[in-house]
Amino acid sequence: MTEPMSEPFLNIDLHLHSTASDGALSPTELVEFVSEQNVQTMALTDHDTTAGLAEARKVAEQKGISFINGVELSASWENKTLHIVGLGIDPEHVELQIALDNLYQQRQLRAEKIAAKLEAKGISGALEGTKKFAGDGLLARPHFARYLVEQGYAKNMQKAFDRYLLKNKPAYVSTEWPQMSDTLDLIRASGGIAVLAHPMRYKLSKSWQRRLFTAFKAGGGLAIEIVCGRYVPEDIATSAGYAERFGLMGSVGSDFHSHTEYGGKPGRLRPLPAHIEPVWNLL
Ligand code: AMP
Ligand code: MN
Ligand code: MN
Ligand code: MN
């Protein structure tokens, strides 16, 4: 099922990545790109870092784009990894920066373990190679995937994930991230609004989904992503149903990482269903 062509594309994108985490465009390049796509309101939401925000905000202001400070925090809940987007956070908030420092260290250690597992599979130099792709950004699995592609161990990033980096694959390292309830507290304390990122992508059964929305709401979560890169139309309807049922607002974000990789395209998102209250009413 496709939407009619006449339907206007939304000009709001509240989930975007830059080279501060696992995106391929620098904050400046990202803002220039989304501006070309006619995005008028954006949030930069890098994984576990706010390092790209100042640069992105400066360019956004030059381009006349409303800019929202964001972050996509890695969290654990019931032994599952979840992503919680914080919108409107204060990047200078001390507790937030301490938590981000810890996440940075955690990611360094995890990267060393991933590299050791790859080494055991005969793939050497992965830590150094991955750091080259990450540059100043924090280390994430897509950097490993880029290295594996570069070295000819996988044809493309998806195959690198499928073969090595996903759960139950040889270089997967299970990680205990901060608990979701603490992450929700932290986002609130730093002045932000907590949005559950891409809820339909966690491969949860219906009963686990209900449990997740219940816990997220009870912990102070306010919104869920309803329109999102890599969603099929059914996911929009399903998550809109959950938002109504659990009294949660809706967010939209492409989760753009690069022109060729994981995620959707900014400026090409479907509109939020009319009966859902937009989270940007709070921003
Ligand atoms: P990390 O937070 O370091 O575990 O990396 C997670 C990131 O890997 C996600 O934000 C995506 O950018 C990327 N990713 C996750 N799953 C896949 C997949 N199946 N294929 C390609 N990229 C993926
Ligand atoms: Mn990512
Ligand atoms: Mn995510
Ligand atoms: Mn993301």
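Remarks on the nonpolar core
Here is step 1: Core analysis: the biggest nonpolar cluster contains 67 residues, and Met42, Ile84, Met180, Ile224 and Ile226 have the highest contact counts within it.
Here is step 2: With six residues, strand β3 (residues 66–77) is the single largest residue contributor to this core.
Here is step 3: Not counting chain neighbours up to four residues away, the residues in contact with Met180 comprise Ala75, Ser76, Trp77, Leu82, Ile84, Leu212, Ala215 and Phe216.

Considering the confidence of the model for the chain
Here is step 1: Here the chain averages 95 in pLDDT, while 96% of its residues score no lower than 70.
Here is step 2: Taken together, the stretch residues 1–6 has pLDDT below 50 and engages in three contacts with residues farther than four places along the chain or on a different chain.

Quick notes on the sheet that holds strand β4 (residues 80–87)
Hydrogen bonds between backbone groups are what pair the strands of a sheet, and the pairing can be parallel or antiparallel.
Here is step 1: The mixed open sheet is built from seven strands, whose spatial order is β1-β2-β3-β4-β5-β6-β7. Strands at the two margins of the open sheet, each flanked by one partner only, are β1 (12–13) and β7 (249–253).
Here is step 2: By the bridge criterion, two bridges tie β1 to strand β2 (residues 41–44) in an arrangement that is parallel. In the strand pairing of β2, Asp13 is matched with Met42.

A look at the site of ligand 1
Here is step 1: Close to ligand 1 lie Asp22, His47, Arg107, Arg110, Ala140, Arg141, Pro142, Gln158, Phe161, Leu166, His257 and Tyr262, which account for all nearby residues.
Here is step 2: Asp22 is positioned such that a nitrogen or oxygen atom in its side chain is 3.1 Å from an oxygen atom of ligand 1.
Here is step 3: Here an oxygen atom of ligand 1 and a side-chain polar atom of Arg141 are 2.7 Å apart.
Here is step 4: Isolated, ligand 1 exposes 500 Å² of accessible area, and the fraction of that covered by the protein chains is 89%.
Here is step 5: Every element with two or more residues in the shell around ligand 1 is listed here: α3 (94–120), α5 (141–150) and α6 (157–165).
Here is step 6: Considering only residue class, the shell around ligand 1 consists of five nonpolar, three polar and four charged.

Things to note about the coordination of the manganese ion (ligand 4)
Here is step 1: The manganese ion (ligand 4) binds to the protein through His15 (NE2), His17 (NE2), Glu72 (OE) and Asp255 (OD); the donor distances cover 2.1 to 2.2 Å.
Here is step 2: On the primary sequence, the residues serving as donors to the manganese ion (ligand 4) are separated as H-x1-H-x54-E-x182-D.
Here is step 3: For Glu72, a relative accessible area of 0% gives the class buried.

Description of the packing of α3 against α5
Here is step 1: Running from amino to carboxyl end, α3 crosses α5 at an angle of 30°, the nearest separation of the two axes being 11 Å. As the angle between them shows, α3 and α5 are arranged roughly parallel. α5 is crossed by α3, and the crossing has right-handed handedness. In contact with Arg110, Ala111, Ile114, Ala115 and Leu118 of α3, α5 contributes Arg141, Phe144 and Leu148.
Here is step 2: The residue makeup of the contact of α3 with α5, split by class, is six nonpolar, no polar and two charged.

Considering the coordination of the manganese ion (ligand 2)
Here is step 1: Within the protein, the manganese ion (ligand 2) binds to Asp22 (OD), His47 (NE2) and His257 (NE2); these donor distances fall in the range 2.1 to 2.2 Å.
Here is step 2: Sequence spacing of the donor residues for the manganese ion (ligand 2), all on one chain, is D-x24-H-x209-H.
Here is step 3: The manganese ion (ligand 3) is placed at 5.5 Å from the manganese ion (ligand 2). One end of the pair, Asp22, is in the loop between β1 and α1 (27–36); the other, His47, is in the loop between β2 and α2 (53–63), with 25 residues separating them in the sequence. Taken as a pair, Asp22 and His47 share a single burial class, namely buried.

Here we look at the side chain of His17
Here is step 1: Turning to its location among the elements, His17 is positioned in the loop between β1 and α1.
Here is step 2: Accessibility expressed as a relative area gives 0% for His17, which makes it buried.
Here is step 3: Here the side chain of His17 touches Ser21 through a polar contact of 3.4 Å, side chain to side chain.

Some details on a negative patch on the surface
Here is step 1: A grouping of Glu29, Glu32, Glu36 and Glu55 is seen on the molecular surface, where their side chains present a negatively charged patch.
Here is step 2: For the negative patch, the leading source of residues is α1, giving three residues.
Here is step 3: With respect to the helices and strands, the residue Glu32 is situated in helix α1.
Here is step 4: For Glu32, a relative accessible area of 33% corresponds to the partly exposed category.

Quick notes on the rules
Residues numbered from 1 in each chain as written. Chains lettered and ligands numbered in written order. Predicted model: local features only at pLDDT ≥ 70, side-chain atom pairs only at ≥ 80, totals over all residues. Heavy atoms only, no water. Core = buried A, V, L, I, M, F, W, Y, C linked by side-chain atoms within 4.5 Å. Buried < 20%, exposed > 50% of the residue type's maximum accessible area, 1.4 Å probe, protein only. Helix = DSSP H or I, 4+ residues; strand = E, 2+ residues; numbered from the N terminus. Contact = heavy atoms within 4.5 Å. pLDDT = per-residue confidence, 0-100. Pairing = 2+ DSSP bridges. Near = heavy atom within 4 Å. Polar contact = N/O pair within 3.5 Å; in protein donor to acceptor, adjacent residues only side chain to side chain. Areas by Shrake-Rupley, 256 points an atom, 1.4 Å probe, with all protein chains shown as cover. Nonpolar A, V, L, I, M, F, W, Y, C, P; charged D, E, K, R; others polar. Donors = N, O, S within 2.8 Å, 3.2 Å for Na, K, Ca; no water. Axes fitted to C-alpha atoms, helices over the stretch in contact; angles between N-to-C directions. Parallel < 35°, antiparallel > 145°, perpendicular 65-115°, else oblique. Left-handed = near helix turned anticlockwise from the far one by under 90°. Patch = residues over 30% accessible without salt bridge, like charges linked within 9 Å, V, L, I, M, F, W, Y side chains within 5 Å. Salt bridge = Lys/Arg side-chain N within 4 Å of Asp/Glu carboxyl O. Lys, Arg positive; Asp, Glu negative; His and termini not counted. Charge placed at Lys NZ, Arg CZ, Asp CG, Glu CD.

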